[in-house]
Amino acid sequence: MKKMLSAAGVALLTALTAVFAFGQPAQAATGFSVSNGRLYDANGTEFVMRGVNHAHTWYPQQTSSFANIKALGANTVRVVLASGDRWTKNSAADVANVISLCKANRLICVLEVHDTTGYGEDGAATTLAKATDYWLSIADVLKGQEKYVIVNIGNEPFGNQGYSAWTTDTSNAIKRLRAGGLTHTIMVDAPNWGQDWSFTMRDNAGTVFNADPQRNTVFSIHMYGVFDTAAEISDYLGRFRTAGLPIVVGEFGFNHSDGNPDEDAIMSYAQTNRIGYLGWSWSGNGGGVEYLDMTTGFNPAQLTSWGQRIFNGANGIAATSREASVYSGSSPSPTTSPSPTTSPSPTTSPSPTTSPTPTPPPTTTPPPTGGCTATLTVVNSWQGGFQGDVKVTAGSAAITGWTAKWTFANGQTVSQAWNATVSGSGSAWTARNVDYNGRLGAGASTTFGFIGNGSAATPAVTCSAS
C-alpha cells in the first residue's frame, strides 16, 4: 500500500541526509560495518549482496544447497532459522554448522528468525523480543564470526496490524543484542509482511539507525506485489540512498499471490545503485507459492524459469555477484552436516509474505474495443477493513489515460489509495490515473490500490480510456 510523501516526510529525509551523509560507524572493523549508507566487509571493501534465501529450518537435510547456491554465482545466502516459538528450534550446534557451511563455500551468511513473520496479524507469530532471546541464547556460536555473519533479527516482524510498534520494538531489540555483546552488522526487516506499504520503516529508519550504538544496522525491504512498478521501486530505494541509510532487498520474486512485482526493475535499480538483493527462494515453497522455487526439488541442474531469471538473466547473480574479499586467499575446510535430531517441518512451508486471510475472487467488466478493462481483487482483509488492488489493462489500442469506477453496496469507504487519484460520492467511487501510469500500450497493464473501511467487497469495475 502506498501514500504520497508529506511535507513532514520531506523534511525528515532532509534531516536524515544531514545526519548520516558523513557518519562513520562507531565500531572497529572486526567484521562487517556500515558507512555512508554502504556495507563494508572486514577488509574495508564494499560488499553488495547477490544471493538467495534458503529454507534451512524446514529442510535441514539439504546441506548441499550451500555449495549449489555458490556454484551458480551467489555471494550471500539468507538462511531461514526458527527460534522454537513457532517452528522447531535450530540448536546452537546446527547454527554453528550452517555458518561453517557458508564459510566452506565462501558465502556470507545472513541468519534470520522466521517465527516473527506477520506478528500482530498472524496469531502463531512471535515477537521481536522473543527472537532477540533466541539470538542471545546462541551468542557463543555467533561471536567471532562477525566477518562472515549478518544477524537478521526477525523475518517480516509485523503484519498489517499493530505495526506502529515496529520502531520501538526494533530499536529495543538492537539495543539488547548490543548489550549482549553481539557486534555483528544487524539487519532489520520492514513491517506489513515485509513490504512497508505504510512507510513505517522508511519514515522511522533514522530513529532505528540511531538506536544502534555501533551505527551498524542495515534495513531490508521485501518486494512482492506492493512493488509492481519501476516508479515505486526507485522511489522507495532512492529515499534510503538520499538519506544515507543502508538498504537491501531481502526478499523478492517474479510473481506473487498479492500481485506481480517488477523483478526486472528491482534487479536493474539494485545493480545501478549498488544495492544488495536476495531472491526468494532456492526450493521447497508450499502453500500455493511453489512457483517461487528457483530449483525443482533442490536440484541445481533443474532451474525453473525464476531460477534462470535471477541467476542467469540481465543484472542477475552470475553477472553481477562479487565474492566477499574476506575469502580471498583462504578456503575453510568443508564441514559435514550432522544428521538432524528432529524431523523437518512438513514440506509445505509458509508463503513468505502473504496474510492467511482468504479473499474473494476478482470481478472483471469487459470494455469496448480500444478502451480498457479493470479488475478489482481483495488481497488482504481484517476485521473492519480490507486492501483492494485494481488492475487496469488497455484494450486493442494504446491509451493516454484511464478512469475506473465502482459502487460499494454496503457502505464501504476508501481511506487511502496509491497509484491513482481516488474520490467518492456516497457509494460511488472513481479512480483516475496519476501522471506516470496513464499511458498504456495496447494490452499493457498497470495497478493501483486502496484501503477500504468495512467488509471486504469486489464490486464490478468499469473502465473508460482517453
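For the structure, see preceding data.
Reading the values: the criteria
- Residues numbered from 1 in each chain as written.
- Predicted model: local features only at pLDDT ≥ 70, side-chain atom pairs only at ≥ 80, totals over all residues.
- Heavy atoms only, no water.
- Helix = DSSP H or I, 4+ residues; strand = E, 2+ residues; numbered from the N terminus.
- Buried < 20%, exposed > 50% of the residue type's maximum accessible area, 1.4 Å probe, protein only.
- Contact = heavy atoms within 4.5 Å.
- Areas by Shrake-Rupley, 256 points an atom, 1.4 Å probe, with all protein chains shown as cover.
- Pairing = 2+ DSSP bridges.
- Axes fitted to C-alpha atoms, helices over the stretch in contact; angles between N-to-C directions.
- Phe/Tyr/Trp six-rings, centres within 6.5 Å; stacked < 30°, edge-to-face > 60°.
- Lys NZ or Arg CZ within 6 Å of the ring centre and 35° of its normal.
- Disulfide = S-S within 2.5 Å.
- Arc of directions from axis to C-beta.
- Salt bridge = Lys/Arg side-chain N within 4 Å of Asp/Glu carboxyl O.
- Core = buried A, V, L, I, M, F, W, Y, C linked by side-chain atoms within 4.5 Å.

Let us now look at the overall build of the protein. For the protein, the helix and strand inventory stands at eleven helices and 21 strands. When each of the 466 residues of the protein is scored for burial, the buried share is 57%. Excluding contacts between residues fewer than 6 apart, the proportion of contacts in the protein whose partners are at least 24 apart in sequence is 75%. In the form shown here, the protein has an accessible surface area of approximately 16800 Å², with 52% of it arising from carbon and sulfur atoms.

Attention now moves to the sheet that holds strand β21 (residues 462-465). The strands that make up a sheet are held in pairs by hydrogen bonds between backbone atoms, and each pair lies either parallel or antiparallel. Within the open sheet, the four strands sit side by side as β18-β19-β16-β21. Their pairing is antiparallel. In the strand order of this sheet, the two ends are held by β18 (421-425) and β21, each with one partner. With direction set aside, neighbouring strand axes in the sheet form an average angle of 20 degrees. Pairing geometry for β18 and strand β19 (residues 428-432), over five bridges, is antiparallel. In the strand pairing of β19, G424 is matched with W429.

Attention now goes to the packing of aromatic side chains. On inspection of all chains with the given rule, the structure shows 23 aromatic pairs. In this structure an aromatic cluster arises from ring pairing among F386, W402, W406, F408, F448 and F450. Positioned above the aromatic ring of F199 is the side chain of R202, whose terminal nitrogen or guanidinium carbon lies 3.9 Å from the ring centre.

This part takes up the state of the cysteines. Using the criterion set out here, one finds two disulfides in the structure. A sulfur-sulfur distance of 1.9 Å marks the disulfide that ties C102 to C109. With the S-S bond torsion at 70 degrees, the cross-link from C102 to C109 turns out right-handed. Here C102 matches C109 in class, with each residue buried. A disulfide bridge connects C372 with C463, and the sulfur atoms are separated by 2.0 Å. Measuring handedness by torsion sign, the sulfur bridge of C372 and C463 sits at about -100 degrees and is left-handed.

Within the sequence span of helix α4 (residues 128-137), burial applies to L128, A131, T132, Y134 and W135. On an axial view of α4, the arc spanned by its buried residues comes to 155 degrees, and they lie on one face. Contacts from the buried residues of α4 go to β4 (76-81), α3 (92-104), β5 (108-113), α5 (139-142), β6 (149-152) and α6 (166-179).

With that settled, the discussion passes to the pattern of salt bridges. Per the stated rule, a full pass over the model turns up 14 salt bridges. As a salt-bridge pair, E323 and K70 come within 2.8 Å of each other at their nearest N and O atoms. Of the two residues, E323 is situated in the loop between α11 (317-320) and β13 (363-365) and K70 in helix α2 (residues 65-71); the sequence distance between them amounts to 253 residues. We classify E323 as partly exposed; its relative accessible area is 32%.

Glancing now at helix α9 (residues 263-272). Inspection of α9 places E263, A265, I266, M267, Y269 and A270 among the buried residues, and these make up the whole buried set. Contacts from the buried residues of α9 go to β3 (50-54), β8 (217-223), α8 (230-243), β9 (247-252), β10 (276-279) and α10 (305-312). Phi for R274, located one or two positions after α9, is positive at around 55 degrees.

A word on the pairing of strand β20 (residues 445-453). In the case of a regular strand, side chains alternate between the two sheet surfaces. The sheet contact formed by strand β15 (residues 385-394) and β20 spans nine bridges and is antiparallel. Residue pairing across strands places G385 opposite N453, the latter belonging to β20. Both strand β17 (residues 413-418) and β20 contribute to a ladder of five bridges, which runs antiparallel. When the sheet's bridge partners are listed, Q416 is paired in β20 with I451.

In this structure, L111, W135, L142, I153, F219, I221 and L237 are the most contacted members of the largest nonpolar core, which totals 98 residues. Leaving out residues up to four positions away in the same chain, F219 has contacts with W166, V188, M201, A205, V208, F209, F240, L245, P246, I247 and V248. Core analysis: the next-biggest nonpolar cluster, separate from the first, contains 23 residues, I399, F448, A457 and V461 among them.

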